[in-house]
Amino acid sequence: MENPMKPDDELRIFRRARKLTPYRSAVRITFYYLIFGILWILTTDSILDFMFGNSDTYQQLQTYKGWFFVIITAIFFFLLVVSTLDLYEDAKKKVEAVNLDLQTQLAKTTLSEQRFEMAVKGSFDSIWEYDNHTKTYYMSDTLLRNLGYETLTLTNLDDWRALIDPQDLPYFDQRIDAFSAMPEPNLEWIYRVKRYDGTSAWIRTHGTAGIDDEGNLLKIAGSHTDITEAKEHQEKLQRLAYYNDLTGLLNWHGFANVIQRRILDGPDLPFTLLYLDIDDFKNFNDVHGYAVGDKLLREIACDLTGLAQKNEVVANLGGDGFGLLMETIDRAQVHKRIEKVLSTLKKAHTIDGQKFSVFASVGIAQYPKDDEQFEDLMQCADEAMYEAKTRGKNTSVFFSDEIHASRLNTISLTNDLRHAIENNELYLMYQPIYRLSDHRLASMEALVRWKPTGHPAVPPDVFIPLAESTGLISSIELWVFEQVFSQVVKWRSIRTHSVPIAINLSSRGIADDEFIQKVLHLLRKYEIKDGEIEIEITETGLIERYETALHNLRRLRVNGIKILLDDFGKGYSSLTYLVNLPIDVLKIDRGFT
């Protein structure tokens, strides 16, 4: 491949070609001919005259001289013309090469310009240039057309500034002024402009500075890009990260950010943090369905938002848990506010034609008295909320060291309870039940008790709810079933007449197909006869996963186990259950009227 000509080479060729004109060539040939002819005549005549004088030989040599002159001049003219034509040919070739090179460069430049023009027209961006001396502003019209300005043309920077959102204009001017005062190689910033229809579009502006040798700004050139879609996507991700999609309230992370910023901005300003949890919401979902439950949560969110005062924040911390930042720390005012919240939630909520009342337990923690970090404050409020549930629900409790100690004790009890079976710390007591008519033994109820090693016995109303809340109840109940079945076999061998033994079954056990299958396996293993075992369940236990519970009770009853419904009238008191459930004995609560 030939090397491209350098600019100096091209300049020399043009200068040389300019000298090779027909006039210049004719003058040069004539000049050379005159010089040669004059020199020839003068020189040869002098030589001949000196050597031969005016003789016949002289005349003859003059004739030879003339012919020789003709021959020599012919050769001279031939060489001169050939040389001149060679120069013309060489100059022509080089000029043609230069012209070809220029045409190639012109074609490349034209193609580059066409590509640039197509790129600008095909892009959603606009190219812009600002002359700092003339203050003129050029911008391609692509972005303007996309913004709805079909006929608008910009001639100076103020034309573009007129489109910028008034809230972002000071920021724009500040960036331009700072860049003009101290130019940098590149600049970039994001701001909003107004579309023709009045809506806002987010613009990202890139620019490159043209700077003279003294560091002064000459020009700025770059592009404007509409990033509205990307900005909206970013904001959507932001909402997903910090807001609850169902209720539109702040989620845990969003609430944490607000509280942490509140602490940083005002470390000496106390506040109250509430953790509100809807009572028995899982049962509500099981009975009425998640769609109705979601609608109820949205109504609760609206109620709490409406009750929030200035500078207070409401959050949906997950599921049916809500957080509330309250500015006051006065206990009387906090209690009054919470009573207002509970009474508002208790009012009838109408959803899909049905009316529901909502009850909630509220835990209260205060900054900085209880703690100074968000996570620890929420832990305090959470412990207080669970204490409220243990006190009967639908109430509120302030966090205290005693509650924390109780919580730690509960954690310790839970850990001990996990090993109670393997450590042989559980035992059964059989409570006899007599008929009033003849005072004879009618049946017995197996009651599980727990005596941890090295500690006093733990009351059943303490460890049974703990076992239910931690999921340990299944393993304990399975242990009870096997112990009772084993005892039935022993008593059967030494007594001619036996009475049925009742075993309490939790709501978790009733709704657990795998657990019921294990009970049926134990029935076959110990060859339990019909009528030897009774199972006691409660109304509340039936509500959770009703259809599954109904199916499992029928499985037990088919295998010879009697079903006792205890404390009827204490819960939902629906007589429909008496018709649909396979119940053998109904125990009515004293409070039922």
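Nothing here was measured: the structure is a model prediction, and the numbers come from that model. (Residues numbered from 1 in each chain as written. Predicted model: local features only at pLDDT ≥ 70, side-chain atom pairs only at ≥ 80, totals over all residues. Heavy atoms only, no water.)

Novice: Provide a residue-level description of the overall build of the chain, including the pertinent values.
Specialist: Scanning the chain from N- to C-terminus turns up 20 helices and 18 strands. When burial is assessed residue by residue, the chain has 38% of its 593 residues classed as buried. Sequence separation of at least 24 residues holds for 60% of the intrachain contacts in the chain that already meet a minimum separation of 6. Looking at the chain as shown, the accessible area adds up to about 35200 Å², and 55% of this sits on carbon and sulfur atoms. (Helix = DSSP H or I, 4+ residues; strand = E, 2+ residues; numbered from the N terminus. Buried < 20%, exposed > 50% of the residue type's maximum accessible area, 1.4 Å probe, protein only. Contact = heavy atoms within 4.5 Å. Areas by Shrake-Rupley, 256 points an atom, 1.4 Å probe, with all protein chains shown as cover.)

Novice: Could you give me a rundown of the pattern of salt bridges, with the residues and numbers involved?
Specialist: One pass over the full model with this rule turns up 22 salt bridges. The salt bridge involving Arg-161 is made with Asp-173; its shortest N-O contact spans 2.8 Å. Of this pair, Arg-161 sits in helix H5 (residues 157-161) while Asp-173 sits in helix H6 (residues 169-181); the two residues are 12 residues apart in sequence, bridging distant segments of the chain. By relative accessible area, Arg-161 is classed as partly exposed at 23%. Among the salt bridges present, the one from Asp-168 reaches Arg-192, with a minimum N-O distance of 2.8 Å. Of this pair, Asp-168 sits in the loop between H5 and H6 while Arg-192 sits in strand E3 (residues 186-194); the two residues are 24 residues apart in sequence, bridging distant segments of the chain. Residue classification places Asp-168 among the buried residues on the basis of a relative accessible area of 11%. You can call Arg-192 buried: its relative accessible area is 18%. One network of salt bridges, with partners in common, ties together Asp-158, Arg-161 and Asp-173. (Salt bridge = Lys/Arg side-chain N within 4 Å of Asp/Glu carboxyl O.)

Novice: Please give an account of the sheet that holds strand E2 (residues 137-139) that cites residues and values.
Specialist: Overall, antiparallel pairing links the five strands, which are arranged E2-E1-E5-E4-E3 in an open sheet. Both outer strands of the open sheet, E2 and E3, are each paired with one neighbouring strand and no more. Each strand axis lies, on average, 20 degrees off the axis of its neighbour in the sheet, ignoring direction. As defined by bridge partners, strand E1 (residues 126-131) adjoins strand E5 (residues 217-226) across six bridges and the pair is classed as antiparallel. Across the sheet, residue Ile-127 finds its bridge partner in E5, namely Ser-223. Strand contacts of H6: E3, strand E4 (200-211) and E5, with the helix running at about 155 degrees to E3, the strand carrying the most contacts. Lying on the sheet, helix H7 (residues 228-242) is in contact with E4 and E5; it crosses E4 at an angle near 120 degrees. (Pairing = 2+ DSSP bridges. Axes fitted to C-alpha atoms, helices over the stretch in contact; angles between N-to-C directions.)

Novice: Kindly report on the packing of aromatic side chains, identifying the contributing residues and their values.
Specialist: Tallying each qualifying case throughout the model produces 15 aromatic pairs. Considering the side-chain rings of Phe-255 and Phe-374, the 6.0 Å spacing of their centres and the 80 degrees angle between planes classify their relative orientation as edge-to-face. Taken as a pair, Phe-255 in helix H8 (residues 252-265) and Phe-374 in helix H12 (residues 374-390) lie far apart in primary sequence, 119 residues in all. Taking the relative accessible area as the measure of exposure, Phe-255 reaches 0% and is therefore buried. Taking relative accessible area as the criterion, Phe-374 reaches 1% and is therefore assigned buried. A centroid spacing of 5.9 Å and a plane angle of 10 degrees characterise the contact between Phe-281 and Phe-284, whose relative ring orientation is stacked. In this pair, Phe-281 and Phe-284 both sit in helix H9 (residues 281-288), three residues apart, roughly one turn of the helix. For Phe-281, a relative accessible area of 7% corresponds to the buried category. Three or more aromatic residues joined by ring pairs form one cluster here, namely Phe-481, Phe-485, Phe-515 and Tyr-526. In this structure, Lys-231 packs its charged tip against the face of Trp-202, placed 4.6 Å from the ring centre. (Phe/Tyr/Trp six-rings, centres within 6.5 Å; stacked < 30°, edge-to-face > 60°. Lys NZ or Arg CZ within 6 Å of the ring centre and 35° of its normal.)

Novice: Tell me about the sheet that holds strand E12 (residues 396-398), and please be specific about residues and values.
Specialist: Here five strands make up an open sheet; going across it, the order is E7-E8-E6-E11-E12 and the pairing mixed. The two strands at the open ends of the sheet, each matched to only one other strand, are strand E7 (313-318) and E12. The average undirected angle you get between the axes of adjacent strands in this sheet is 20 degrees. Pairing of E7 with strand E8 (residues 321-326), which is carried by five bridges, proceeds in the antiparallel orientation. Opposite Val-313, over in E8, you have Leu-325 as the bridge partner. The strands that helix H10 (residues 290-307) touches are strand E6 (271-278), E7 and E8; relative to E8, the one it contacts most, it runs at about 5 degrees.

Novice: An account of the pairing of strand E15 (residues 501-504) is needed here, citing residue identities and associated values.
Specialist: Of the pairings in the sheet, the one linking strand E14 (residues 441-450) to E15 comprises three bridges and is parallel in character. The partner of Glu-445 across the bridge, within E15, is Ala-502. As paired strands, E15 and strand E16 (residues 533-538) are joined by four bridges and run parallel to one another. Bridging across to E16, Ile-501 finds its partner in Ile-533.

Novice: Break down a nonpolar patch on the surface for me, with residues and values.
Specialist: A cluster of nonpolar side chains, contributed by Ile-71, Ile-75, Phe-78, Leu-79 and Val-82, occupies part of the molecular surface with about 470 Å² of accessible area. Note on placement: Val-82 falls in helix H3 (residues 56-122). (Patch = residues over 30% accessible without salt bridge, like charges linked within 9 Å, V, L, I, M, F, W, Y side chains within 5 Å.)

Novice: Tell me what's going on with helix H17 (residues 513-525), and back it up with residues and numbers.
Specialist: Between the first and last C-alpha of H17 there are 18 Å, a value that for 13 residues agrees with the 18 Å anticipated at 1.5 Å per step. Where H17 is buried, its residues meet helix H15 (473-494), helix H16 (507-510) and helix H19 (546-558). Sitting at the amino-terminal end of H17 is Asp-512, which places a side-chain oxygen 3.1 Å from the backbone nitrogen of Glu-514. Once H17 ends, the next one or two residues include Glu-527, with phi positive near 50 degrees. (Expected span 1.5 Å × (residues − 1). Polar contact = N/O pair within 3.5 Å; in protein donor to acceptor, adjacent residues only side chain to side chain.)

Novice: Lay out the side chain of Thr-225 in plain terms, naming residues and giving numbers.
Specialist: Mapped onto the elements of the fold, Thr-225 is located in strand E5. In this structure, Thr-225 is in contact with Asp-125, Trp-202, Ile-203 and Arg-204, ignoring residues within four places of it in sequence.

Novice: Residue-level account of the environment of Leu-163, with values.
Specialist: Take Leu-163: it is sitting in the loop between H5 and H6. By relative accessible area, which is 8% here, Leu-163 ends up buried. With sequence-adjacent residues up to four places away left out, Leu-163 is seen in contact with Leu-144, Tyr-149, Leu-152, Val-193 and Lys-194.

Novice: Before we move on, can you summarise the packing of H15 against H17 with the specific residues and values?
Specialist: Packed helices, taken two at a time, are described by the angle between their axes plus the distance between the axes. Between H15 and H17, whose axes approach to 10 Å, the crossing angle comes to 15 degrees. With respect to H17, the element H15 is oriented roughly parallel. The two elements H15 and H17 cross, and the hand of that crossing is right-handed. Facing H15, whose interface residues are Ser-474, Glu-477, Leu-478, Phe-481, Glu-482 and Phe-485, H17 presents Phe-515, Lys-518, Val-519, Leu-522, Leu-523 and Lys-525. Looking at side-chain class alone, the contact of H15 with H17 contains seven nonpolar, one polar and four charged residues. (Parallel < 35°, antiparallel > 145°, perpendicular 65-115°, else oblique. Left-handed = near helix turned anticlockwise from the far one by under 90°. Nonpolar A, V, L, I, M, F, W, Y, C, P; charged D, E, K, R; others polar.)

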